[in-house]
Structure formats: structure tokens, C-alpha cells
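The residues making up each chain are set out below.
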Amino acid sequence: MDIKRVKDSIYWLYYQYLLITCSYVLEPWEQSMFHTITVTVFAMVVYTAYVFVPIHVRLAFEFFSQIFGGQPESTV
């Protein structure tokens, strides 16, 4: 893949993002505020998923393994 195709693909994805969010009608300072808030919220969601989802999956696995007859862990 050459650089021009990659650049065109990224530009097309950014254009789709502008169309979906309707942020192309905003003024430049409004667009920067909107993008900052969007990136911040997305980063918080990713961080929360990274920190808390594995804990909940482990607890759910332990819960269902006890319900369906799994061996209890020894308390040695």
C-alpha cells in the first residue's frame, strides 16, 4: 500500500466521522472542543474497560463455576 492510498483512507474515515457526528457544520473552535470532549470520553471508556472488565469476567467465571459444580478452591 502506498502512502497516498493510506492518506486517502484516513481522510475518508475522518470525513465519515464528521458526517456521522454532524460536526462539519460547527465553527473551528467548536469542532476542537467537540473533538476534545469526544476523545476524552473515549479514553475514559477504554481505560475503564481495561481496568474493570477483567475483574468482572473473573468473578463471573468463579460464580458460574461454583453453580455448575466446579471444584471449590482449597483453603490451605
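Residues numbered from 1 in each chain as written. Predicted model: local features only at pLDDT ≥ 70, side-chain atom pairs only at ≥ 80, totals over all residues. Heavy atoms only, no water.

So, about the overall build of the chain. Counting its secondary structure elements, the chain contains two helices and zero strands. Every one of the 76 residues in the chain was classed for burial, and the buried ones make up 5%. Carbon together with sulfur atoms contributes 72% to the accessible area of the chain, which is approximately 7200 Å² in total. (Helix = DSSP H or I, 4+ residues; strand = E, 2+ residues; numbered from the N terminus. Buried < 20%, exposed > 50% of the residue type's maximum accessible area, 1.4 Å probe, protein only. Areas by Shrake-Rupley, 256 points an atom, 1.4 Å probe, with all protein chains shown as cover.)

Moving on: the UniProt feature "transmembrane region" (unreviewed entry) in the chain. The feature "transmembrane region" (unreviewed entry), as annotated in UniProt, sits at residues 9-26 and 32-53 in this numbering. As a span, residues 9-26 carries 72% helix and 0% strand, and end to end its C-alpha atoms are 23 Å apart. Structurally, residues 32-53 comprises 100% helix and 0% strand, and the distance from its first C-alpha atom to its last is 31 Å. (UniProt positions renumbered as here; feature names shortened; annotations may be inferred.)

On the surface, a nonpolar cluster with roughly 630 Å² of combined accessible area is contributed by Trp29, Met33, Ile37, Val41, Met44 and Val45. Among the structural elements, Met44 can be located in helix H2 (residues 28-67). On the basis of relative accessibility, which here comes to 48%, the residue Met44 falls in the partly exposed class. (Patch = residues over 30% accessible without salt bridge, like charges linked within 9 Å, V, L, I, M, F, W, Y side chains within 5 Å. Salt bridge = Lys/Arg side-chain N within 4 Å of Asp/Glu carboxyl O.)

Turning to helix H1 (residues 3-21), a few remarks are in order. When the terminal C-alpha atoms of H1 are compared, their 27 Å separation across 19 residues agrees well with the 27 Å that a helix rising 1.5 Å per residue should span. Phi for Cys22, located one or two positions after H1, is positive at around 60°. (Expected span 1.5 Å × (residues − 1).)

Within the element layout of this structure, Thr38 appears in helix H2. A distance of 2.8 Å separates a polar side-chain atom of Thr38 from the backbone oxygen of Phe34. (Polar contact = N/O pair within 3.5 Å; in protein donor to acceptor, adjacent residues only side chain to side chain.)

Here we take up unusual backbone geometry. Located in the positive-phi region is Cys22, a residue other than glycine, with phi close to 60°. Tracing the backbone shows Cys22 in the loop between H1 and H2.

Here the structure, examined in full by the defined rule, presents two salt bridges. The partner of Lys4 in a salt bridge is Asp8, with the nearest N and O atoms 3.4 Å apart. Taken as a pair, Lys4 and Asp8 lie in helix H1 at a separation of four residues, close to a single helical turn. Owing to a relative accessible area of 56%, Lys4 belongs among the exposed residues under this scheme. The exposure class of Asp8 is partly exposed, given its relative accessible area of 40%. Linking Glu62 and Arg58 is a salt bridge whose minimum nitrogen-to-oxygen distance equals 3.0 Å. Residue Glu62 and its partner Arg58 are both found in helix H2; the two are separated by four residues, about one turn of the helix. Look at Arg58 and you get partly exposed, because its relative accessible area is 44%.

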